Amino acid sequence: MTTDWSAGYMAEISYTHGFYRELTPSILNFAALLSGHRAPTPLTYCELGCGQGYSSNLLAAAYPEIQFHATDFNPAQVVGARDLAAEAGSDNITFYEDSFAEFLARTDLPDFDIISLHGIYSWVSDQHRAEIVEFIRRRLRPGGLVYISYNTLPGWAAAMPLRRLMVEGAGMAAGQSIMGRIDQALSLAESVSAVNGRFFSTSPGMVDRLERIKGQPRAYVAHEYFNQHWTPFYHGDVAAEMAKAKLNWISSAHLLDRLDAINLSPEQQQILAQIGDVTRQETLRDFMVNQQFRRDIFVKGAVRLPTGALRVLWDAQRFMLSVDRTKAAMTVSGALGEASLQEEVYVPLMEALELGTPSFAELMAQPALAALGVQRLQQALMVLVGAGYAQLVLPEAGADVRHRRCRAFNDAVIRRSLWSSELQYLISPIYGSAMVMDQVSQLFLLARAEGAADAPAFAWDVLSRNGQRLLRDGKALLEDADNLAELREKFMAFQSGALPLLRRAGII
Ligand SMILES: C[S@@+](CC[C@H](N)C(=O)[O-])C[C@H]1O[C@@H](n2cnc3c(N)ncnc32)[C@H](O)[C@@H]1O
């Protein structure tokens, strides 16, 4: 069922409450720095199609100096987003229940330094994409950044028929709820696979892919596959649409995409190096890595900074480690597979980032790190930030307000853990990005805040009243004693694992 206002977009089931770190202002500015470009000091931020608004809500708490404006035409999602902002006392975020066309027609919006849209562009009609481009053309300040993600070709090409097969299956259950239609879609696809439909036997990976889809949350599957509009794009085609808003591509927001060594063989790099045009180069790069999903940053008015100016920005940037170094995998993944981090570079660097929040200038003042040279050190920092091992520390100015606001926001999230497991991220006032935290861990934090002597017993009291049960080896534990024992184990792991990281992130 579609409704008049949803224009074919899936509105029967609300989207998941995700957080995507590529939306973070500091990550976007860092990516601009890495590509040698000037980036704005953002004061206004707009998210188009914000879904549940959780990302914008988290970011508004960590960046109180920025005015956030976020829109989504699904009223149920906007209600939830506004409630959370109100519970957290966030006064720098406004949620709109506008379609892109309505948002475009508004005269009460500021111009924006950053406009972001995650998981939108491939899932809306030509007309809505044109509205988005026009909004960016009118509302993005010169020098402003756009973050945009989309399903990409050629990576999606092989699986496009699988999506179509599922849509055919859903059509056989027309009139049923979205859950019934998804079940029918998966069952049709499975039956075609079971009788060795040659699409499956001649398309490598499709059986596994179908298995993966079966394991994904239904709310995600509904929004990913069952919209009326669903278009993967070549990068060059998106770049051409963005050019109408005077935008140029500057970087991937997924920082590890920038590291050729883990994504491209030397021969592939050589072919790409011969291509002068950056749009064509990126489009061909997607053929080298068989890109399925791009996370692009475009700028309105690309200004390259001279090396000296870039170095000033680098010198001031502080970094910190946000993982336990002794447990970190010390590998990163790219299109070529998994690569080990060189110990002689990464061990001393991670040790330095574990002790405090050193700036690049301070790192360069350490002889062992200075010996690596500026470029290698910068690349290593990019890798650590890209892999989520290290974080970009926010400036000292405004830290008091930031801490107060993040505390209020995190308290609001944690209070929700009393009856819901939907919100699974807390925001760090130190690095302005989110840390994943499940409901049980949040209940331990709540027990701590309320001075409960026995945190596992506190958590079990809440969960059992909600009728929730813990799982062991995928099976629900039925007895109270087993649930409590499981919670005690989880609490031990929480104390030695998450608690020190929460402290380091300034969340507690
Ligand atoms: C796949 S979800 C992504 C949500 C969010 N950006 C995220 O990543 O969690 C796409 C969102 O776009 C919204 N949307 C689709 N078409 C829209 C339109 N024409 N105007 C406003 N919002 C729209 C939907 O309601 C939905 O919440």
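Residues numbered from 1 in each chain as written. Predicted model: local features only at pLDDT ≥ 70, side-chain atom pairs only at ≥ 80, totals over all residues. Heavy atoms only, no water.

A. Layout of the environment of Leu353. Within the secondary structure, Leu353 sits in helix 16 (residues 343-355). Classification of Leu353 as buried rests on a relative accessible area of 0%. The spacing of Leu353 and Leu363 is 10 residues in sequence and 8.9 Å in space, taken between C-alpha atoms. Dropping the residues within four chain positions of it, Leu353 is found in contact with Phe319, Met320, Leu321, Pro358, Leu363, Leu381, Leu384 and Ala390. (Helix = DSSP H or I, 4+ residues; strand = E, 2+ residues; numbered from the N terminus. Buried < 20%, exposed > 50% of the residue type's maximum accessible area, 1.4 Å probe, protein only. Contact = heavy atoms within 4.5 Å.)

B. Representation of helix 7 (residues 178-194). Its 17 residues place the ends of helix 7 24 Å apart at the C-alpha level, agreeing with the 24 Å of an ideal helix rising 1.5 Å per residue. Taken together, the buried positions of helix 7 are occupied by Ile178, Gly180, Arg181, Ile182, Ala185, Leu186, Leu188, Ala189 and Ser193. The inward-facing, buried residues of helix 7 contact helix 6 (160-172), helix 8 (198-202), helix 9 (206-215) and helix 10 (218-225). Residue Asn196 follows helix 7 closely and has a positive phi angle near 60°. (Expected span 1.5 Å × (residues − 1).)

C. A look at the domain arrangement of the protein chain. For the protein chain, the domain assignment lists domain 1 (4-154 + 232-299), domain 2 (160-225), domain 3 (317-393) and domain 4 (399-504). Look at where the C-alpha atoms of domain 1 and domain 2 centre, and you get two points 28 Å apart. (Domains from an automatic or database assignment.)

D. Geometry of the nonpolar core. Formed by 107 residues in total, the largest nonpolar core has its most connected members in Phe319 and Leu502. Not counting residues within four places of it along the chain, the set of residues in contact with Leu502 comprises Leu426, Met435, Met437, Leu445, Phe494, Ile507 and Ile508. Membership of the second largest hydrophobic core comes to 29 residues, among which are Cys46, Phe100, Ile115 and Met242. (Core = buried A, V, L, I, M, F, W, Y, C linked by side-chain atoms within 4.5 Å.)

E. A look at the pattern of salt bridges. Applying the stated criterion across every chain, the model contains 27 salt bridges. Among the ionic pairs, Glu282 bridges to Arg294, the shortest N-O distance being 2.8 Å. Here Glu282, found in helix 14 (residues 278-289), pairs with Arg294, found in strand 7 (residues 293-300); they are 12 residues apart in sequence, far enough to count as distant. As far as the burial class goes, Glu282 and Arg294 line up, both buried. (Salt bridge = Lys/Arg side-chain N within 4 Å of Asp/Glu carboxyl O.)

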